[in-house]
There are 2 protein chains.
Amino acid sequence: MHLPKSVIIKEVGPRDGLQNEKAFIPTENKIEWINKLSETGLSHIEITSFVPPKWIPQLADSFEVAQGIERAEGISYSALVPNVKGLDRALDAGVDEVAVFMSASEGHNKNNINKTIDETFPLLNDVVKKGLTANKRVRGYVSTVFGCPYDGEVSIKDVIRVVDSLLEMGVYEISLGDTIGVANPLQVEEVLTELFKRFDKSHFAMHFHNTRGLALANVVASLQMGVTVFDSALGGLGGCPYAKGASGNLATDDLVYMLHSMGIQTNIDEQKLYEAAKYVESKIGRNLTSHQMLANN
Amino acid sequence: MHLPKSVIIKEVGPRDGLQNEKAFIPTENKIEWINKLSETGLSHIEITSFVPPKWIPQLADSFEVAQGIERAEGISYSALVPNVKGLDRALDAGVDEVAVFMSASEGHNKNNINKTIDETFPLLNDVVKKGLTANKRVRGYVSTVFGCPYDGEVSIKDVIRVVDSLLEMGVYEISLGDTIGVANPLQVEEVLTELFKRFDKSHFAMHFHNTRGLALANVVASLQMGVTVFDSALGGLGGCPYAKGASGNLATDDLVYMLHSMGIQTNIDEQKLYEAAKYVESKIGRNLTSHQMLANN
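Each chain has its residues counted from 1, running along the sequence as written. To label them, take the chains in the order written and letter them from A, then take the ligands in the order written and number them from 1. With the structure being a predicted model, the display of local features is reserved for residues of pLDDT at least 70 and the display and counting of side-chain atom pairs for 80 or more, all residues being used for whole-chain, interface and lining totals. Water and hydrogen atoms were dropped before computing side-chain values, which therefore reflect all heavy atoms in the structure.

- Per an unreviewed UniProt entry, the recorded name for chain A is Hydroxymethylglutaryl-CoA lyase, and the organism is Lottiidibacillus patelloidae.
- UniProt positions are given in the numbering used here, feature names are shortened, and annotations may be inferred rather than shown by experiment. Checking UniProt for chain A, the heading Sequence similarities (unreviewed entry) contains the comment "Belongs to the HMG-CoA lyase family."

Digging into the pattern of salt bridges
Residues and elements named next belong to chain A.
Point 1. Here a salt bridge means any side-chain nitrogen of Lys or Arg lying within 4 Å of a carboxyl oxygen belonging to Asp or Glu. Across all of its chains, the model carries 30 salt bridges over all chains by this definition.
Point 2. Between Arg 286 and Glu 21 there is a salt bridge whose closest N-O contact spans 2.2 Å. In this pair, Arg 286 is assigned in the loop between helix 11 (270-284) and helix 12 (291-296) and Glu 21 in the loop between helix 1 (13-17) and helix 2 (27-38), connecting sequence segments 265 residues apart.
Point 3. Only protein chains enter the accessibility calculation, which uses a 1.4 Å probe; a residue is then buried when its area is under 20% of its type maximum, exposed when over 50%, and partly exposed in between. Relative accessible area serves as the criterion here: at 10%, Glu 21 is assigned to the buried category.
Point 4. One salt bridge in this structure joins Lys 30 and Asp 61, with 2.7 Å as the shortest N-O distance. Here Lys 30, found in helix 2, pairs with Asp 61, found in the loop between strand 2 (44-49) and helix 3 (62-68); they are 31 residues apart in sequence, far enough to count as distant.
Point 5. In this structure Lys 30 comes out as buried when scored by relative accessible area, which is 4%.
Point 6. On the accessibility criterion, Asp 61 (5% relative accessible area) is buried.
Point 7. Counted as one network, the salt bridges with shared partners bring together Lys 10, Arg 139, Glu 173 and Asp 231. The secondary structure listing takes helices from DSSP runs of H or I that are at least 4 residues long and strands from runs of E that are at least 2 residues long, numbered from the N terminus.

Section: the relation of the copies chain B and chain A
Point 1. Copies are brought into register by a least-squares superposition over C-alpha atoms of residues with pLDDT of at least 70 in both. Superposition of chain B onto chain A requires a rotation of 180 degrees combined with a translation of 0.0 Å along the rotation axis, giving an RMSD of 0.0 Å. Such a turn and shift between the copies fits a two-fold axis. Identified as the residue of chain B closest to the rotation axis by C-alpha distance is B:Ala217, at 1.9 Å.
Point 2. Residues count as neighbours in contact if any of their non-hydrogen atoms are within 4.5 Å of one another. Interface overlap between copies is the fraction of interface residues in one copy that are interface residues in the other; for chain B against chain A it reaches 100%, indicating a shared surface.

Comments concerning the nonpolar core
One recurring pattern in soluble globular proteins: nonpolar side chains tend to sit buried together.
Point 1. Membership of the largest hydrophobic core comes to 200 residues, with the highest contact counts inside it found for A:Leu166, A:Leu195, B:Leu166 and B:Leu195.
Point 2. Every residue in contact with A:Leu195, bar those within four places of it in the chain, is listed here: A:Ile156, A:Val159, A:Ile160, A:Val163, A:Leu176 and A:Phe204. What is meant by a nonpolar core is a set of buried Ala, Val, Leu, Ile, Met, Phe, Trp, Tyr and Cys residues, joined one to another through side-chain atoms within 4.5 Å.

Quick look at the interface of chain B and chain A
Point 1. The interface of chain B with chain A comprises 34 residues on the first partner and 34 residues on the second.
Point 2. Each of two parts loses accessible area, computed with a 1.4 Å probe, when they are put together; buried area is these two losses added. For the pair chain B and chain A, the two sides together bury roughly 2,700 Å², of which 56% comes from carbon and sulfur.
Point 3. Between chain B and chain A we count zero salt bridges in total.
Point 4. Any N or O atom pair separated by 3.5 Å or less is treated as a polar contact, with the protein-specific requirement of one donor-capable and one acceptor-capable atom, and with residues adjacent in sequence counted only for side-chain atom pairs. At the surface where chain B touches chain A, the tally comes to 10 residue pairs in polar contact (both at pLDDT 80 or more).
Point 5. Mapped by element, the contributors of at least two residues to the side of chain B that touches chain A are helix 8 (185-198), helix 9 (215-224), helix 10 (252-261) and helix 12 (291-296) of chain B.
Point 6. Class assignment of the residues belonging to the side of chain B that touches chain A gives a composition of 17 nonpolar, 13 polar and four charged. Polar here means any residue other than Ala, Val, Leu, Ile, Met, Phe, Trp, Tyr, Cys and Pro, which are nonpolar, and Asp, Glu, Lys and Arg, which are charged; Gly is therefore polar.

Topic: the side chain of B:Ser175
All names here are of chain B.
Point 1. In this fold, Ser 175 is placed in strand 6 (residues 173-178).
Point 2. Its relative accessible area of 0% is what places Ser 175 among the buried residues.
Point 3. Engagement of the side chain of Ser 175 in a polar contact is seen with the side chain of Asp 231, the distance being 2.6 Å.
Point 4. Residue contacts for Ser 175: discarding those within four places in its chain leaves Arg 139, Gly 140, Tyr 141, Val 142, Ala 205, Met 206, His 207 and Asp 231.

Some points on the UniProt feature "domain: Pyruvate carboxyltransferase" (unreviewed entry) in chain A
Point 1. The UniProt entry lists residues 7-274 of chain A under the feature "domain: Pyruvate carboxyltransferase" (unreviewed entry), expressed in the numbering used here.
Point 2. In residues 7-274 of chain A, the share of helix is 42% and the share of strand is 16%. The end C-alpha atoms are 19 Å apart.

Here it is in structure tokens:
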């Protein structure tokens, strides 16, 4: 088994993990949560999303969160931005980098951002260009790469088209999202094989959801393909709007446990992760469902 | 990714899944549960264990269960037996095959069956020989192959020694158990590589627990090594006596979902599995924690 020596984990809990939480976490708790994440050894934390508050009320305090956190040396604090207006607010709030997003499938893109894929390209192009002009790195999320809740199967051609456009705009990395958690290891290998024929593998990160329990198996398939960047959310926060009760994002603590057990370095302290997760549990008022938290609690 | 075309799943829920349940499931419910499993397409169901009732009170009705179930064509109904006395009861109850068990590590073997490994060999030899004489197939479980709750790391030499002895006795298959759920995919590859240098791979089944969430990733590593037989428990029943609150056995429904999604045949009907799992939930009085049940409930 050919595995990389080290992996970069991008924590998305404060953003992707909160989108499906019912309760509003008070701003000061979000800030403390992120501060605790900053102590774990993570090098990249997605702290919030500058979407209109009516889209995601749980993240209505994005500006205050971005301004309130302590900035630790060597950590990139990023935020999701849907458009130029969101980008401007993110820049005002002083984030280190921004991320744009769209879907590989028409159905999900329309439902998620109310535009066709062709209508989305020029919109994101404006955001990426303005972000780059402001000397920020811009990341691109592609949703529904492995399946769509509206369209079903997603063709590799559709994925390639979106990836190609985003790289052309100037994003430095593309996070391939298994939005509804339907990817399997064989499919991961097939999709990455096709993408790596056309694009350098250093451009890609994987963003798995654990809806069907396959997230870690998909990580191993990705590692074997040479991917070294993974998104995850501490404790497995996130859920799935299309399958109530289902597991959420790939859990950072489960990912770190597996990587370390295989001798792959992450620079992350498992005990510090556990402490941060205990803090999150105390604020969301329920136990987190990652395997590490179930086993350690 | 080199994967087999089909896989045999051996359901161990009525035995391994119940060992850690607090409540006693009434005999008639166990029988109905197994009858429902018989409708799913499974070809092998481990229905109980003929250990002394004081060891595992939850399985004190093993004889009645074995006698009470409907026997479906083409399904092998097996039972765990610790010694010749247990074997005799299992034979009286009319099981199709039996399974013996021991650990690869001294610490677990002593704690689990109160004997050293060297003391265990002649004991199991008597059971295997008598089982074979009765024209029953005999399977061998080896516990703590990937780590021991008492001894920590387990050397491949210790695993080989136990495997060698069991095959020598005449067991047709050895189920390699990750008793405390600490295996990782790289380790699975390493252990199987060593074993397959000495023994034919057709002798081996894998028995993963999902304590740390790695069971499915370990299955994929095993599939890539050519293993085609896996133990699992519907709904992920089982828990872990060494980590309270942790996930239990690899869930049959999660395993079937993953295999089918990769085009690997199991002959198992996912809807029938779901119906059997709903029955189990109604009798244990709580929701099962497999990802399929969380997503579908």
